[in-house]
Amino acid sequence: MAADRSCGSCSMCCKLMGISELDKAPGVWCPNFKRGGGCAIYHDRPTECRTFECEWLREPRWPDDWRPDRSKFVMFTEEGGKRLKIVVDEGAPGAWLSEPYYSRLKRMSQKVHEGQRLIICIGQRRIVVFPETDIDLGVLLDSDKIISGYDDAGVPYARVLSQNEAHEAR
Ligand code: SF4
Ligand code: SF4
């Protein structure tokens, strides 16, 4: 966590993130969250809650309007930083397309050239963001694996790995 950062009144991860230790699905408020009171089991909250830090909390370079309760999305990295996920509140599915967010997300997607993938998650819908385009893969299953990159002609692609490909990759 950045030294000058704290969650304050933001609790968006308590809604947008899935918590496996609680069997809590993404996109619904945690039953332990009390509006105006925060987490009712704060001292006994699961490890996932204790250790989670969204990008806004981790990095002081994000302005205040990127705090998740204002932006309506939570950003975090996976796979050692190779995947940047933006989990958008389904109550505001277009939030990431508004400014000041979209322009900066497009600039951030340049990191695809350094091996980072930027994925928008709206419920089970997945959109892979490239500098040139956004590829909407529609509604996916949890088990679906996304592959993306540039083809030999330099055209961006994103698709779900077929079962045969997934089997061969094992
Ligand atoms: S989404 Fe980020 S800033 Fe908001 S409560 Fe969670 S960790 Fe804190
Ligand atoms: S247990 Fe507490 S910190 Fe964890 S998601 Fe629920 S309300 Fe938030």
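Given the structure is predicted, the values throughout are model-derived calculations rather than measurements.

Novice: When you look at the nonpolar core in this model, what are you seeing that I'm missing?
Specialist: Grouped burial of nonpolar side chains is what soluble globular proteins tend to show. Core analysis: the largest hydrophobic core is formed by 23 residues, its most contacted members being Phe 73, Val 74, Met 75, Ile 86 and Val 88. Contributing elements (two or more residues each) for this core: α1 (12–16), α3 (55–58), β3 (73–78), β4 (83–88), β5 (117–122) and β6 (125–129). Mapped onto the domain boundaries, this core takes at least three residues apiece from domain 1 (1–61) and domain 2 (72–170). Look past the residues within four positions of Phe 73 in its chain and what remains in contact with it is Pro 68, Ile 86, Val 87, Val 88, Asp 89, Ala 95 and Trp 96.

Novice: Help me out: how do you make sense of the domain arrangement of the chain in this one?
Specialist: Accessible area lost upon the coming together of the parts is a frequently used measure of interface size. In terms of domain boundaries, the chain breaks down into domain 1 (1–61) and domain 2 (72–170). With centres defined by C-alpha atoms, the gap from domain 1 to domain 2 works out at 23 Å. Every contact between the two is made by 9 residues of domain 1 and, on the other side, 7 residues of domain 2. Elements with a minimum of two residues in the side of domain 1 that touches domain 2: α1 and α3. A total of 3 residues in the side of domain 1 that touches domain 2 trace back to one element, the largest contributor, which is α1.

Novice: Sorry, what's going on with the site of ligand 2 here?
Specialist: Surveying the vicinity of ligand 2 reveals the residues Cys 14, Ile 19, Cys 30, Asn 32, Phe 33, Cys 39, Ile 41, Arg 45 and Cys 49. Across the shell around ligand 2, the residue classes break down as 7 nonpolar, 1 polar and 1 charged.

Rules of the game
- Counting restarts for each chain, with residues numbered from 1 along the sequence as it is written.
- Chain letters start at A and ligand numbers start at 1, both assigned in the order the entries are written.
- With the structure being a predicted model, the display of local features is reserved for residues of pLDDT at least 70 and the display and counting of side-chain atom pairs for 80 or more, all residues being used for whole-chain, interface and lining totals.
- The term nonpolar core means buried Ala, Val, Leu, Ile, Met, Phe, Trp, Tyr and Cys residues held together as one set by C-beta atoms within 7 Å.
- Whether a residue is buried, exposed or partly exposed follows from its count of other C-beta atoms within 10 Å of its own C-beta, namely 20 or more, 12 or fewer, or something in between, respectively; the C-beta atoms are built from the backbone.
- Put simply, DSSP marks the helices as runs of H or I at least four residues long and the strands as runs of E at least two long, and each gets a number from the N terminus on.
- Domain start and stop positions are those given by an automatic or database domain assignment.
- This entry defines residue contacts through backbone-placed C-beta atoms, with two residues in contact when those atoms are within 7 Å.
- By convention here, the C-beta atom is placed from the backbone, and a residue is near a molecule or strand when that atom is within 6 Å of it.
- Amino acid classes used here: Ala, Val, Leu, Ile, Met, Phe, Trp, Tyr, Cys and Pro are nonpolar; Asp, Glu, Lys and Arg are charged; the rest, including Gly, are polar.

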